[in-house]
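These are the residues of each chain, in order.
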Amino acid sequence: MIESESAQLGSDAVPASWREALEPVLATPEARRLESFLKAEEAAGKRIYPPRGSRPLALQLTPLDAVKVVILGQDPYHGEGQAHGLAFSVPDGVKVPPSLVNIYKEIASDFGVARPTSGNLERWARQGVLLLNTSLTVEEARAGSHAKRGWEAITDAVIAAVAAKTEPCVFMLWGNHARRKAEHVPGLADGRHLMLTAPHPSPLSAHSGFFGCRHFTRANAFLREHGRGEINWTG
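Residues numbered from 1 in each chain as written. Predicted model: local features only at pLDDT ≥ 70, side-chain atom pairs only at ≥ 80, totals over all residues. Heavy atoms only, no water.

In the annotation of an unreviewed UniProt entry, the entry for the chain reads Uracil-DNA glycosylase, and the organism field reads Novosphingobium fluoreni. Looking at the chain in UniProt, the text filed under Function (unreviewed entry) is "Excises uracil residues from the DNA which can arise as a result of misincorporation of dUMP residues by DNA polymerase or due to deamination of cytosine." (UniProt positions renumbered as here; feature names shortened; annotations may be inferred.)

Here it is, written out as structure tokens:
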């Protein structure tokens, strides 16, 4: 069965659990302009990451009713073979990027364990960690190139859907971009959810307060307190 235009996310089908939340925004002229823009960029021979089929991976691996934690990134990695649809994550066998190295350092310090060797965070996503970028695509070697092209309204709708959940969730907001992204989402600051803020884990800012933030043990304590089960961050 062919998916309707309103059920598409950059020409990839929206997972069923997210469809009701996203169909209104995906039916807007802004979303159609985004799709036209992506098609034109690809027709012009530009390399767009991640490739079609991978763009909704965060939503595929983490259904709406399973979300426990949201980690917001900015846009996908813009190097070949890096982006695969999850914020901060890279496929197995790809060198762990600097920001994720620092995330792993904080986890190692927080739990007193060794750092993981793989940068693939699918194991987190399958436990309920929504690894969401603000923009779901980027042009090769051009960070931020697809900002303000229409993705923001869609990812705002994703965050709003999680904020509307009755089950308490944790939002990890690292850096000014993530904090600004969440500021205007209805229901996010009503006290039901836990918002954890810190500088971005980039090497440029991690030493300004990301290291030592203990977001991972704090998130687990909150989830445990509310009967939602812990995340295995170290496995």
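Taken as a whole and judged by the stated rule, the model has seven aromatic pairs. On the basis of an interplanar angle of 45° and a centroid distance of 6.4 Å, the ring pair of Trp 124 and Phe 216 is categorised as tilted. Of this pair, Trp 124 sits in helix α5 (residues 122-125) while Phe 216 sits in helix α8 (residues 215-225), placing them 92 residues apart in sequence. Aromatic side chains Phe 216 and Trp 233 sit 4.9 Å apart centroid to centroid with 70° between the ring planes, which places their arrangement in the edge-to-face category. Of this pair, Phe 216 sits in helix α8 while Trp 233 sits in the segment after α8, and the two are 17 residues apart along the sequence. (Phe/Tyr/Trp six-rings, centres within 6.5 Å; stacked < 30°, edge-to-face > 60°. Helix = DSSP H or I, 4+ residues; strand = E, 2+ residues; numbered from the N terminus.)

A few words now on the UniProt feature "domain: Uracil-DNA glycosylase-like" (unreviewed entry) in the chain. In the numbering used here, UniProt assigns the feature "domain: Uracil-DNA glycosylase-like" (unreviewed entry) to residues 60-223. In residues 60-223, helix accounts for 31% and strand for 13%; the two terminal C-alpha atoms are 22 Å from one another.

Let's shift gears to helix α6 (residues 151-163). Here α6 spans 18 Å end to end across 13 residues, near enough to the 18 Å set by a 1.5 Å rise per residue. In terms of burial, α6 is largely enclosed, as 11 of its 13 residues are buried. Where α6 is concerned, the buried positions are Trp 151, Glu 152, Ile 154, Thr 155, Asp 156, Ala 157, Val 158, Ile 159, Ala 161, Val 162 and Ala 163. (Expected span 1.5 Å × (residues − 1). Buried < 20%, exposed > 50% of the residue type's maximum accessible area, 1.4 Å probe, protein only.)

At a closest axis distance of 9 Å, the pairing of helix α1 (residues 16-26) and α6 adopts a crossing angle of 145°. Once α1 is placed against α6, the crossing between them reads as right-handed. From α1, Trp 18, Ala 21, Leu 22, Val 25 and Leu 26 reach across to α6, where they touch Ala 153, Ile 154, Ala 157, Val 158, Ala 161 and Val 162. Considering only residue class, the contact of α1 with α6 consists of 11 nonpolar, no polar and no charged. (Axes fitted to C-alpha atoms, helices over the stretch in contact; angles between N-to-C directions. Left-handed = near helix turned anticlockwise from the far one by under 90°. Contact = heavy atoms within 4.5 Å. Nonpolar A, V, L, I, M, F, W, Y, C, P; charged D, E, K, R; others polar.)

The computed volume of the largest pocket comes to approximately 480 Å³. Around the largest pocket sit 29 residues that line it, and Gln 74, Asp 75, Pro 76, Tyr 77 and Asn 133 are the ones nearest its centre. Contributing elements (two or more residues each) for the lining of the largest pocket: α4 (98-111) and β5 (129-133). Top element by residues in the lining of the largest pocket is β5. It accounts for three residues. Of the residues that constitute the lining of the largest pocket, the class distribution is 15 nonpolar, 12 polar and two charged. Along its surface, the second largest pocket is lined by Thr 134, Ala 147, Lys 148, Glu 152, Asp 156, His 177, Arg 180, Lys 181 and His 184. When residues of the lining of the second largest pocket are traced back to their parent elements, those giving at least two are α6 and α7 (175-183). Counting residues per element, the lining of the second largest pocket draws most heavily on α7, which supplies three residues. Residue composition of the lining of the second largest pocket, grouped by class: one nonpolar, three polar and five charged. (1 Å grid on protein atoms, 1.4 Å probe; cavity = no way out; pocket = protein on both sides within 12 Å on 5 of 7 lines; lining within 4 Å. Points joined across faces, edges and corners; volume = space filled by probe spheres on them.)

Here we take up the pairing of strand β4 (residues 69-73). In terms of burial, β4 is a largely internal element, five of the five residues being buried. Every second residue of β4 is oriented toward a common face, with Val 69, Ile 71 and Gly 73 on one face and Val 70 and Leu 72 on the other, all of them buried. Two elements, β4 and β5, share five bridges in a ladder whose sense is parallel. Bridging from a neighbouring strand, Leu 72 pairs with Leu 132 of β5. With three bridges connecting them, β4 and strand β7 (residues 170-174) associate as parallel partners. Its bridge partner being in β7, Val 70 is matched across the sheet by Phe 171. (Pairing = 2+ DSSP bridges.)

In spatial order, the strands read β5-β4-β7-β8; together these four strands make up an open sheet with parallel pairing. One side of each edge strand has no neighbouring strand; the edge strands of this open sheet are β5 and β8 (194-198). If you compare each strand with its neighbour and ignore which way they point, the axes differ by 20° on average. In this sheet, β8 lies alongside β7 in parallel orientation, the contact comprising five bridges. Pairing of Met 172 across the sheet is with Leu 196, part of β8. Running at roughly 135° to β7, α7 makes contact with β4, β7 and β8 of the sheet. Strands β4, β7 and β8 of the sheet are contacted by α8, whose axis makes an angle of about 160° with β7.

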